[in-house]
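The residues making up each chain are set out below.
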Amino acid sequence: MQIQRPQPHDFPYPSPFLRRPALALTFMLFAITVLFAARFAKEMLTSSLWNDELYSILNYSGRGPITTLTEYIPNNHILYNLLNSIGPDPTSFSPARVRAMATAAIAVLGLLLLVHFGVKRQLPVGVLSLQPLIGNYEFLDLSLQGRGYGVAALLAAAAGLLLISLHRTPTTGRLVFFASLNVLGILALPTFAFWSIPLFIILFLRHRHSHIVIAALGAAAATILLHIGVLPRILDNAMGGYGEEWGRQFSRITAVYESLRIYFVGSPERASDALLTWLGLLLVLLVAYVVRTTPDAPELSLLLSVFVAFGICLTLETPLVRTTSFLAPPLSISVWSAVARFIDTRPSVAPKGREFILYGLLLLFLVRDTRKLFIFHFVPIESWKTTAELVSSVFPENVSVGATVAPDFLSGYLPSRKVRLWEPKSSGLPEDCRTVVADTAMMPTDNRIRLSTEEKRSTAAVFVPQRRERHQIVYFRPCTESIAEVSASGIGSPSAVRDLDFQSCGTIGAGGAAIRVTFGGDVRVRSILVSVARPATDIPRFEARVGTGSAFDEPCAAPVVSLVDGIVIITTKDCRLKSADITFSPEWSGAKVCEAWAYPSRFPVHR
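Here goes a summary of the coordinates provided. (Residues numbered from 1 in each chain as written. Predicted model: local features only at pLDDT ≥ 70, side-chain atom pairs only at ≥ 80, totals over all residues. Heavy atoms only, no water.)

A word on a nonpolar patch on the surface. Residues Leu111, Val115 and Val119 make up a contiguous nonpolar surface patch of about 270 Å² in total accessible area. Its place among the elements puts Val119 in helix H5 (residues 95-119). Of the residues examined, Val119 reaches a relative accessible area of 54% and is grouped as exposed. (Patch = residues over 30% accessible without salt bridge, like charges linked within 9 Å, V, L, I, M, F, W, Y side chains within 5 Å. Areas by Shrake-Rupley, 256 points an atom, 1.4 Å probe, with all protein chains shown as cover. Salt bridge = Lys/Arg side-chain N within 4 Å of Asp/Glu carboxyl O. Helix = DSSP H or I, 4+ residues; strand = E, 2+ residues; numbered from the N terminus. Buried < 20%, exposed > 50% of the residue type's maximum accessible area, 1.4 Å probe, protein only.)

Here you go:
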């Protein structure tokens, strides 16, 4: 039996979805949404992995499929780690490689929704249904991680669309596919089971077919078989260990609101009150309309399954809010399907009124998404990759590197260097410039590195931005084993720039300043650093310019100049230099220059 198609309108008026103004607004909204998602994906594919992703690689996927299938804590999203473990280079920390599968899953998810609504000639609503998903900062931020959230969201969307089909015609082939999607969903994210069970129950209550019971039992058996190696640990977590260890976020009904707000609307900082109001109205409209006119509508079954899943979460009091993010796609499908039904097939609403509703929705999201593009700003959760790049580009190859926690995370981005665990309380800070310490946000506050007054006099610190506790910090000391002569002009007390004491500084005059760093002998220069304290007023832009001279025939690439937390970092890429000239524009007048020093490509080996 074929799936029943929507019935023709019972009044002579063309569908508002097919009118040119609606299609024009739809195209613009689609372009803005895709551009936002593409920018977000680009950031995710190039920025550092964070704790949960790195832990999964080191403990599961990087150790092979057998380990992935037989060892378990809630951090092990089995399906994603299993697929990652059988791919090329499973131990890689490359963001592009680790997150590619999740990115592809979200792209396919968007395509599924567009096809579903496009086949029904409701493309404008299809684009609107993407807004809680690929147009949502928080949903993308979680789903594009190298974990199971994005794959679970895709499987939930596919299962939701298939439920709509099964609601009309429960054929054997569709039931097998439906059961398979649910098995894979649970393998991707265990909380998927809280939604799968209501799906089968609702489907059975609708049709009362024995085939549905057989499909459900088959799905349960397949799920148990695939989890047989980790089943004892899962049951232990289900009996209370998970909630005790990770927190009982679903102990209150406010967790349902949080899940909807974060993964269906967005955080208050990025979602206006008007948008929240629209969401509430759409949900009320859906329930009121469907219950009153078509109580057997498939979108009502889909909506009901979502809230039954939330009810199970509240009853068990165990899941984290983020583990319910996969419910956003089926919720979006059910809500926007009801809106489409209301706009396209409701004769009691005047034709112009239905157009007004559609155009209003399209314009609302178009304005919101355009604004999001202009204020878009991304900072990774943790900046292991950026910290590693800083260490690699600035410090000599044979410098000793320490991390206050999880040295494996940093060493994964520093394959040529050994990173050791640095314990602040027992080790203090390094005594010379041959050691660099990365202090990470994962460390408890009372165990973080705290510099004494004496240490502050001779220690530099670069802060690497991240969302978790705001930054990582790289501590190091200026190199006392000088490889260069430093001279300065235009700076009050020019001798201060070479005494390696951060307490004494020279002030840049009104005409700007220049620093010359001269190298003697055959030495390759890794980097040049200048410590600068800004004046009270903000400098509108950074205009330090660098000119280099080489006494050798070897060509040198242009140096990379950056300003990071008061340290001018000039990466000279291991060139053999004769000198380097650093010029500060007059706009830097009043700024204080404290130190200037350079690092070689490699320190001489101590004898």
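This is not the end of the story, as more comes after the structure.
Another aspect to go through is the sheet that holds strand S3 (residues 435-439). Pairing within the open sheet is mixed, and its five strands lie in the order S2-S1-S3-S5-S4. Each having just a single partner strand, strand S2 (419-421) and strand S4 (460-465) make up the two edges of the open sheet. Each neighbouring strand pair of the sheet contributes to a mean axis angle of 25°, computed without reference to strand direction. Where strand S1 (residues 400-403) and S3 come together, four bridges link them in parallel fashion. By the bridge assignment for S3, Val401 is matched with Val436. (Pairing = 2+ DSSP bridges. Axes fitted to C-alpha atoms, helices over the stretch in contact; angles between N-to-C directions.)

Quick look at the pairing of S3 now. For a regular strand, side chains alternate in direction, first toward one face of the sheet and then toward the other. Burial runs high along S3: five of the five residues are buried. A two-sided burial pattern is seen for S3, the buried positions comprising Thr435, Val437 and Asp439 on one face and Val436 and Ala438 on the other.

This part takes up the packing of aromatic side chains. Evaluation of the coordinates by the stated rule reveals 20 aromatic pairs. An angle of 70° between the planes, with centres 5.5 Å apart, marks the rings of Phe584 and Trp588 as edge-to-face. Overall, Phe584 belongs to the buried group, its relative accessible area being 1%. Pairwise contacts between aromatic rings join Phe36, Phe40, Tyr137, Phe376 and Phe378 into one cluster. Stacked on the ring of Phe36, the Lys or Arg Lys372 has its end atom at 4.3 Å from the ring centre. Here the basic side chain of Arg467 rests over the ring of Phe378, its NZ or CZ set 5.5 Å away from the ring centre. (Phe/Tyr/Trp six-rings, centres within 6.5 Å; stacked < 30°, edge-to-face > 60°. Lys NZ or Arg CZ within 6 Å of the ring centre and 35° of its normal.)

This part is about the packing of helix H4 (residues 78-85) against H5. One way to put it is that H4 packs onto H5 with a least axis distance of 11 Å and a crossing angle of 130°. In terms of axis orientation, H4 runs oblique to H5. Between H4 and H5 the crossing geometry is right-handed. Contact with H4, carried on its side by Tyr80, Leu83 and Asn84, involves Arg97, Val98, Arg99, Ala100, Met101 and Ala102 of H5 and no other residues of that element. A class-by-class count of the residues in the contact of H4 with H5 yields six nonpolar, one polar and two charged. (Parallel < 35°, antiparallel > 145°, perpendicular 65-115°, else oblique. Left-handed = near helix turned anticlockwise from the far one by under 90°. Contact = heavy atoms within 4.5 Å. Nonpolar A, V, L, I, M, F, W, Y, C, P; charged D, E, K, R; others polar.)

Taken together, the five strands give an open sheet; going across it, the order is S7-S14-S9-S12-S11, and neighbouring strands pair in antiparallel fashion. The two strands at the open ends of the sheet, each matched to only one other strand, are strand S7 (506-507) and strand S11 (560-564). Pairing between strand S9 (residues 524-533) and strand S12 (residues 567-576): seven bridges, direction antiparallel. Paired with Val530 across the strands is Val568, a residue of S12. Where helix H18 (residues 384-394) meets the sheet, its contacts fall on S9, S12 and strand S14 (592-600), and the angle it forms with S9 comes to roughly 115°.

Glancing now at unusual backbone geometry. The backbone phi angle of Arg121 is positive, close to 60°, even though this residue is not glycine. Residue placement: Arg121 occurs in the loop between H5 and helix H6 (123-129). For Arg208, which is not glycine, the phi torsion reads 55° and is therefore positive. Position of Arg208 among the secondary structure elements: in the loop between helix H10 (193-207) and helix H11 (210-226).

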